[in-house]
Structure formats: structure tokens, C-alpha cells
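Structural characterization, general
Each chain, letter by letter, is given below.
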Amino acid sequence: MSYVRTFLPWIVFAVFPSAQWQWGALAGLVAAVAVAVQQRLAGAGFDALIIELGSAVFFAALTVVAFADPHSGVHDYSAALSSATLALIAGGSLLVGRPFTLGIAKRTTPREVWGLRPFIRTNVVITAVWTAAFAVTAGALTALAHAGHGHSTSATLVQAAGFVVPMLFTVRYVAAVQAKAKDQAAGQR
């Protein structure tokens with residue numbers, strides 16, 4: 001559920017018809033701000049809101065462009081720009097040593113685990129996979145947009161895969177890491 005909430009602004013933007021992209025951008029902005037405010041009020045730290053805050057900045061800029069010129073060439077590449085922005089946010093979080101998934105994972109993990117090397121390493125790996133998925137998705141969407149298919153069914157499928165693949169990886173990788181830790185703990189008894 002945490003990942004759905006984190007990426008809710010992008011989902012909201014994606015469901016708007018292409019012809020109404022300015023309203024999709026505004027709805028994405030409203031969703032990003034609402035999620036960030038709701039999470040801050042629930043006690044989430046800024047480290048847990050890296051994607052949410054980056055999303056708010058992106059959608060604020062996109063909203064301005066979309067309403068200033070609804071026929072802007074940015075529209076054709078808006079899906080690619082979305083994925084590229086997510087790749088930059090996720091990759092940037094790795095570069096500064098604060099993988100964005102760490103904040104999400106802390107919401108459901110006991111505090112005593114937060115500083116452990118395996119917990120941090122797991123989140124570095126997961127964030128790297130999300131970063132790669134966003135970058136590959138951005139590249140594919142750029143190619144589709146350049147070919148005049150930026151708002152096609154193919155583009156929608158590429159966008160969906162860009163979220164589903166890393167989400168499935170995250171679930172499976174976490175389960176494997178937890179199983180390995182459990183086996184190691186059982187072997188030490």
C-alpha cells in the first residue's frame with residue numbers, strides 16, 4: 001500500500017485523457033501535495049517523502065507549462081518526462097546515500113532494524129532497481145513519443161510495466177532477504 005500511496009500522483013496523472021493533460025497535471029499536483037501533507041501529519045519524516053516532494057515539484061512545473069500552452073510539445077513527451085523525473089529522484093536519493101525506499105520501509109519495520117547493514121543494503125538494491133526501471137521506461141516512452149505514439153496503448157503498457165516490474169521485484173526480493181535472515185538465525189541456534 002505504501003508504494004501505491006507514494007506513486008498516487010503519477011497514477012492520477014496517467015488516468016486523465018491525453019487531451020486534458022493540463023487537468024491531469026493539476027490533479028497530480030493536488031494529489032502529491034495531499035499525500036505529502038497527510039504523511040507529514042501522520043509523522044513521516046522528510047526522508048520518507050522523497051518521491052512525494054519531488055512529485056509535487058514536477059507537477060507544479062508541468063501544470064504551469066500545460067496551462068500556459070496546452071499545445072506545447074512538452075505534452076507529447078510528458079509520460080517520458082514523468083519517468084525520467086522519477087529516475088532522477090530515485091537515482092539522486094541513491095547518490096546522497098538516502099535511498100527513497102528506506103523511508104517507505106521504515107514505516108513497516110521496527111526501529112531497531114533501521115541502522116542495520118542488511119536493511120540499508122536491501123533498500124539500496126531495491127532503489128537501484130526502481131531507478132533502472134524508471135530510466136528504461138523513460139527511454140522507451142521517449143522513443144514512442146518520437147515515433148508519434150506517446151499517448152498510445154503501447155505507451156500506457158510501457159508505463160504500467162515501469163511500475164509493476166519493480167514493485168514485483170521489491171516484494172520478491174524482500175521476501176527472499178527475510179527468508180535468508182530467518183534461515184541464518186535458525187542456523188545460529
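Residues numbered from 1 in each chain as written. Predicted model: local features only at pLDDT ≥ 70, side-chain atom pairs only at ≥ 80, totals over all residues. Heavy atoms only, no water.

1. Section: the overall build of the chain
- A count of helices and strands for the chain gives eight helices and zero strands.
- Counting from the amino terminus, the chain carries its helices and strands in the arrangement α-α-α-α-α-α-α-α.
- On C-alpha atoms alone, the chain measures out to a radius of gyration of 18 Å, which is about the 16 Å that the 2.2 N^0.38 rule sets for 189 residues.
- Counting only C-alpha atoms, the chain reaches 65 × 35 × 25 Å along its principal axes.
- Evaluated residue by residue, the chain yields a buried proportion of 41% over its 189 residues.
- Partitioning the intrachain contacts of the chain with sequence separation of at least 6 by distance along the chain shows that 72% fall at a separation of at least 24.
- Total accessible area on the chain is roughly 10,200 Å²; 68% of this is exposed by carbon and sulfur atoms.
- The positive charge centre, built from 12 side chains, and the negative charge centre, built from 6, are 14 Å apart in the chain. (Helix = DSSP H or I, 4+ residues; strand = E, 2+ residues; numbered from the N terminus. Rg over C-alpha atoms; globule rule 2.2 N^0.38 Å. Buried < 20%, exposed > 50% of the residue type's maximum accessible area, 1.4 Å probe, protein only. Contact = heavy atoms within 4.5 Å. Areas by Shrake-Rupley, 256 points an atom, 1.4 Å probe, with all protein chains shown as cover. Lys, Arg positive; Asp, Glu negative; His and termini not counted. Charge placed at Lys NZ, Arg CZ, Asp CG, Glu CD.)

2. Quick look at the pattern of salt bridges
- Applying the stated rule across the entire model yields one salt bridge.
- Ionic pairing is found between E52 and R107, a salt bridge with its closest N-O pair at 3.6 Å. Here R107 lies in the loop between α6 (100-106) and α7 (117-146) and E52 lies in helix α4 (residues 50-68), a separation of 55 residues in the sequence.
- Given a relative accessible area of 25%, R107 falls into the partly exposed group. (Salt bridge = Lys/Arg side-chain N within 4 Å of Asp/Glu carboxyl O.)

3. Things to note about the packing of α7 against helix α8 (residues 153-187)
- Between α7 and α8, the least distance of the axes is 9 Å, while the angle of their chain directions is 170°. Taken together, α7 and α8 sit at an angle that is classed as roughly antiparallel. When the axes of α7 and α8 are compared, the crossing they make is right-handed.
- Of the residues belonging to the contact of α7 with α8, the class tally is 18 nonpolar, six polar and no charged. (Axes fitted to C-alpha atoms, helices over the stretch in contact; angles between N-to-C directions. Parallel < 35°, antiparallel > 145°, perpendicular 65-115°, else oblique. Left-handed = near helix turned anticlockwise from the far one by under 90°. Nonpolar A, V, L, I, M, F, W, Y, C, P; charged D, E, K, R; others polar.)

4. Topic: the side chain of S83
- With respect to the element layout, S83 can be found in helix α5 (residues 78-95).
- Here S83 falls in the buried class, since its relative accessible area comes to 5%.
- Those residues in contact with S83 that lie beyond four places of it in its chain are F134, T137, A138 and L141.

5. Re helix α2 (residues 8-15)
- All of the buried residues along α2 are P9, W10 and F13. The arc that holds the buried residues of α2, viewed along the axis, is 100°, so those residues lie on one side. (Arc of directions from axis to C-beta.)

6. Examining the confidence of the model for the chain
- Per-residue pLDDT for the chain averages 92, and the proportion of residues at 70 or more is 99%.
- Per-element confidence in the chain ranges from a low mean pLDDT of 79 for helix α1 (residues 2-6) to a high of 97 for α7. (pLDDT = per-residue confidence, 0-100.)

7. Section: the packing of α4 against α5
- One way to put it is that α4 packs onto α5 with a least axis distance of 10 Å and a crossing angle of 140°. Accordingly, the angle class assigned to the pair α4 and α5 is oblique. For the crossing formed where α4 meets α5, the hand is right-handed. Each of I50, I51, G54, S55 and F58 in α4 lies in contact with α5, whose residues at this interface are L81, S82, T85, L86, I89 and S93.
- Here the contact of α4 with α5 is composed, by residue class, of six nonpolar, five polar and no charged.

8. So, the layout of surface pockets
- By volume, the largest pocket amounts to about 760 Å³.
- Forming the boundary of the largest pocket are 27 residues, of which F119, T122, V174, V177 and Q178 lie nearest the centre.
- Looking at the lining of the largest pocket, the elements that each hand over two or more residues are α1, α6, α7 and α8.
- Considering each element in turn, the lining of the largest pocket owes the most residues, 10 residues, to α8.
- In terms of residue class, the lining of the largest pocket is built from 16 nonpolar, nine polar and two charged.
- Counted as a void, the second largest pocket has a volume near 440 Å³.
- F13, A14, V15, T156 and Q159 are the residues nearest the centre of the second largest pocket, which is lined by 24 residues in total.
- For the lining of the second largest pocket, the secondary structure elements donating two or more residues are α2, α3 (21-41), α5 and α8.
- Taken together, the residues of the lining of the second largest pocket break down into 13 nonpolar, 11 polar and no charged. (1 Å grid on protein atoms, 1.4 Å probe; cavity = no way out; pocket = protein on both sides within 12 Å on 5 of 7 lines; lining within 4 Å. Points joined across faces, edges and corners; volume = space filled by probe spheres on them.)

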